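This is what each chain is made of:
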Amino acid sequence: MLSLQLINQKGTTTLITKSPNDTRQYRHIRLQNHLDVVLIHDKQSHKSAASMVVNAGHFDDPKNCLGLAHFIEHMLFLGTESFPEADAYQNYISQHGGHHNAWTGSEHTNFYLDINSDAFAGALERFSQFFICPLFNPEYINKERNAIESEFELKRKDDLRRLYEVHKETSNPEHPFSRFSVGNLQTLVDRPEISLRQQLQQFFDKNYLANRMKLVLAGKQSLDELAELAQRYFDKIKTSGETKPPISSPIYQAEHQQCGIQVQTLREANQIILSFAFEPIQHRYRDKSISYLGYILGREDKGSLFAYLREQGLVNGLSAGSGVDASNFKDFNISIQLTQLGKHNIEQICYVVFAYIKFAQSQPVANYIYHEKQQLAALAFNYQEQTKLLDAVSAIAQKMHYVAIEDLLVSDYLMQGLDTDWLTEHWQKLTPTNMRLIQLSDQTLEQAQISQWYNAPYQHRAFDSELVEVWQQADYQQLPDCNFQMPSPNPYVPERTEPLEVEHDFASINPIKLVDETGLKLWYKQDERFATPKSHIYVSLDMQQAQGSIYNVAMTRLYIEVLLDKIDTDLYHAAAAGMSYHIYPHQAGLTLHISGFADKQQALLGDILSALQINSFSVKRFNEVKRQLQQSWRNSNKGKPVSKLFSRLNALLQNNQYMSVDMAQAIDPITQQDFSHFAQTLFDSVHCEAFIYGDVQMSSAHKIHALLNDFILANKHAIAEVPRNVHLLPQQQCELTCEDDHPDHSLILYYQAADASNFSAALLTLANHIISPAFFHQLRTEKQLGYMLGTGYMPINQQPGFIAYVQSNTTEPQAICQAIDDFFATLPEQLNSMETQHFASLKTNLSQQLLEKDSSLRITAQRFWLAIGLKDHEFNRKQAIAEQVEKIELQQLVEFVTHSLICQANCARLVLSSSPMAHSNNDNSVVVLQNDNHFKEITKSITF
């Protein structure tokens, strides 16, 4: 660890600890108005970033104006006295290659931005005025109330929001947690005694004070230059000598504990949460003793609580430690995914949990577990991968409210000693009398209460005293076949903790193709830049049996889930030791991705390849995994309407892509025997393409090649890569309308480039870069069509595309489509009036974004792997597109908008829409699609 001496404006010093891998420089200052500021100099960044976190959130809402903290977050973007135009800030940020956003939490509100460094001063000039002189324009107060309403309606069918509201309604009504936090048209209103604008101003004057704010500024500017910017723009924020009073009410009274709460979900669910009330832990970041508690209860290896419950056929998953927290409380949750059998034996599961807690309490403290976590945390910090500047400023500004300045960068990794007194005390809090048992199920509840805002049915009942007594007397020694044991030392903890020497004889700028054989291609590159003992291994397997029909695709996904269910317990220690593995489906098979510390990755790869071909499996587990997968697929059909349209767009345009609900039906009749036959033949014909990148020398790459080669040659037929096809739109509009039981309307317009050239990719990327902020402002801020809308560059494989999308709770798809067409019709005039210098600046900003340097090993690995998948074997497609962006003339962009985006008789676009009541189009120039297959019948496809 490195400590830097940082001097604030008053001349005192602060020591801040940073990773040896961190090349950034830091300084903490305090302005005269008591605003704490952290400055970050990053000489390698072409962008600058800022974040302001205000110690005010929905806990501070007035009782007669719920959602006001959230509403003020929205309103600050819509004009200040210095910059009164509602889109002034957004336009400036987007025109200079930036991003901006904000969020409101329970006790804090975070505003953040990034932008090209040469425009940072202008951005801060505008940003700082949020906190000095917001306009609260009455015109936009009324409009933005509708945006808040849309955001509220968007989440009305979100089970997490519904559970959160039930949590609020079953807590202490005197605690601010209990209040509705989003706001809507019913709560954000003028009242006889006070207008909504006056309430906004009062809330701002009371809470938006410099001494309750934390600011972070970062960029390639020197620390002195950043300090000058902070002083110039933020020292006029008003301050107060008063400290914010702490919350005095407890979150739970006696009647809110020792109780069961059943919540009826909209999605299929089968889960219980054992929630225990703890004191706040934000200040305990230095010892993290709670992580020991969470590990012992949530582990998944042999001898664990999870292993026992799964062996009994009661659970599918278990985690421990999460739960809502704030400045005066913390919920410690044990979350359990139930099997169908477990759903009918919840009291017995709770008995086993309490029996295991007694077992764990009876064991000596396993200091070696804490030591392993301590060692892994130190390694992770010493070889910390650099985060994007925007993410860094946002996280640091948030931490400044509860972490000492010197610990800002290391707080997540500190483990300075297990507090056994704290541990003893909190083992004793894991009792039935301190528990809330929440059950989530889609089963209809009779005689249920209905939550006020999200209409969630629920029941809230105190535990029977006899049941509490049974749980309190739980005895692990009385459990049948009990084999509880403390975890053994982790065999995957890395022994080599220093990066290997770079082999300059094999050095290359880009990955090299180490192996090019029938059925096997292997790419390799040793990292020379990040100097960290980590690596990434990607293995893509194309299997003939995995594609070609919905049955094969669905069965392959089921195979992956059965495989993960089979190996996760055995390989749990690998993930706990900082080595993650993911196995996920792709168009023609599956991909395995291993990442983390490199020392034992080769062994992990061997273990997974050995287990990859399933020869035997538990019939009981097979049936449960199948049920879970089908449940997940059916639940995806209950998501946001616009998200379902994106899924359908992918299914329409690509081969071997299907809607989740259709795959759930496809595997419904299959038996264990059907699956066994499929599993035996899945890997008969295989093509493998792999990539090794990171702290791996050539000798290890050859050993990995041998592992892969052995897998390919083991009774398998090597084949060529399975083609990826993309369907091409005909030269007319195609329209598919879907009926949806969600009350919102949604629409996607998809435009496809004429070819897959770098110029087309550049043209559509630039079009989106310029159109996106104006689209958002016009359709959301001005017209209030919906909360969820935007445009995007959307390539399918190598085929460039452009989309516009809207989800609305007020406007039907035909009217949405007309509004988008009306907006596009105004673009040629807007573009033709654009100054040449401004157009050149927009192109340069986009080029800089495309050419932004990778900030970490992980991002570099992802970029190389994506290039390999897209056949960009020169690894220069981004550079080529950036070069084409600079060559685009304004007239070429105008022609694209005129001939491609503006709706005409021969407009080649795909229109997808959904609505509670589907409507048909009677326009003869439009192909009205009957289903997905109809689209594929009338289109040609291109192979990549």
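The rules behind the values
Residues numbered from 1 in each chain as written. Predicted model: local features only at pLDDT ≥ 70, side-chain atom pairs only at ≥ 80, totals over all residues. Heavy atoms only, no water. UniProt positions renumbered as here; feature names shortened; annotations may be inferred. Helix = DSSP H or I, 4+ residues; strand = E, 2+ residues; numbered from the N terminus. Expected span 1.5 Å × (residues − 1). Bend = angle between axes of the 7 residues up to and from the residue. Buried < 20%, exposed > 50% of the residue type's maximum accessible area, 1.4 Å probe, protein only. Phe/Tyr/Trp six-rings, centres within 6.5 Å; stacked < 30°, edge-to-face > 60°. Pairing = 2+ DSSP bridges. Axes fitted to C-alpha atoms, helices over the stretch in contact; angles between N-to-C directions. Parallel < 35°, antiparallel > 145°, perpendicular 65-115°, else oblique. Left-handed = near helix turned anticlockwise from the far one by under 90°. Contact = heavy atoms within 4.5 Å. Nonpolar A, V, L, I, M, F, W, Y, C, P; charged D, E, K, R; others polar.

Looking at an unreviewed UniProt entry, one finds the protein chain named Protease 3, with Saccharobesus litoralis as its source organism. Under Function (unreviewed entry), UniProt gives the following word-for-word description of the protein chain: "Endopeptidase that degrades small peptides of less than 7 kDa, such as glucagon and insulin." Under the heading Cofactor (unreviewed entry), UniProt records this for the protein chain: "Zn(2+)".

J.: Got a minute to help me understand the UniProt feature "domain: Coenzyme PQQ synthesis protein F-like C-terminal lobe" (unreviewed entry) in the protein chain in this structure?
T.: UniProt annotation of "domain: Coenzyme PQQ synthesis protein F-like C-terminal lobe" (unreviewed entry) refers to residues 766-865 when read in the numbering used here. Annotated as residues 766-865, this span is 61% helix and 14% strand, and its ends, taken at the C-alpha atoms, are 25 Å apart.

J.: In this structure, what is going on with helix α25 (residues 813-832)? I would like to understand it.
T.: In an α-helix, one turn spans 3.6 residues; hence positions three or four apart end up facing the same way. In this model α25 runs 30 Å from its N-terminal to its C-terminal C-alpha over 20 residues, within 8% of the 28 Å that 1.5 Å per residue would give. At T826, α25 is bent by approximately 30°, the largest bend along its length, and proline P828 sits one to four residues beyond. Of all the residues in α25, the buried ones are P813, I816, C817, A819, I820, D821, F823, F824, L827, P828 and L831.

J.: I keep staring at the packing of aromatic side chains and nothing clicks. Help me out?
T.: When we look at a pair of aromatic rings, we describe it by the centre distance and by the angle of the planes. Scanning the model with the defined rule gives 53 aromatic pairs in all. Both rings, one in F204 and one in Y208, keep their centres 5.3 Å apart while their planes meet at 20°; by these two values the pair is stacked. Classification of F204 by relative accessible area gives buried; the value is 2%. Relative accessible area serves as the criterion here: at 2%, Y208 is assigned to the buried category. Relative to F359, the ring of Y356 lies with its centre 5.8 Å away and its plane at 45°, an arrangement referred to as tilted. Taken together, the residues span about one helical turn, with Y356 and F359 both in helix α11 (residues 346-362) at a distance of 3 residues. For Y356, a relative accessible area of 0% translates into the label buried. Judged by relative accessible area, which is 5%, F359 ranks as buried. Grouped by ring-pair contacts, the aromatic residues F77, Y89, F111, F127, F130, F131, F136, F204, Y208 and F234 constitute a single cluster.

J.: It is not clear to me how the pairing of strand β28 (residues 801-808) should be interpreted in this structure. Could you clarify?
T.: Here is the key point about a regular strand: its side chains alternate between the two faces of the sheet. Counting buried residues along β28, 8 of its 8 residues qualify, which places the element largely inside the surrounding structure. Covered by surrounding structure in β28 are G801, I803, Y805 and Q807 together with F802, A804, V806 and S808, the residues of both alternating faces. As paired elements, strand β26 (residues 745-752) and β28 share 8 bridges and run antiparallel to each other. Pairing of Q752 across the sheet is with G801, part of β28. The pairing of strand β27 (residues 788-793) with β28 spans 6 bridges and is classified as antiparallel.

J.: Help me understand the UniProt feature "domain: Peptidase M16 middle/third" (unreviewed entry) in the protein chain, please; the structure alone is not making it clear to me.
T.: As annotated by UniProt and renumbered to match this structure, "domain: Peptidase M16 middle/third" (unreviewed entry) occupies residues 381-665. The distance separating the terminal C-alpha atoms of residues 381-665 is 47 Å; by composition the span is 35% helix and 19% strand.

J.: What should I look at first to understand the packing of helix α8 (residues 289-298) against helix α12 (residues 367-382) in this one?
T.: A pair of packed helices is captured by two measures, namely the crossing angle of their axes and the spacing between those axes. Contact geometry for α8 and α12: axes closest at 10 Å, N-to-C directions at 110°. Relative to α12, α8 is oriented roughly perpendicular. Handedness of the α8/α12 crossing: right-handed. On the side of α8, the interface is formed by S291, Y292, Y295 and I296, while α12 contributes I369, Y370 and K373. Tallied by class, the residues present in the contact of α8 with α12 amount to 5 nonpolar, 1 polar and 1 charged.

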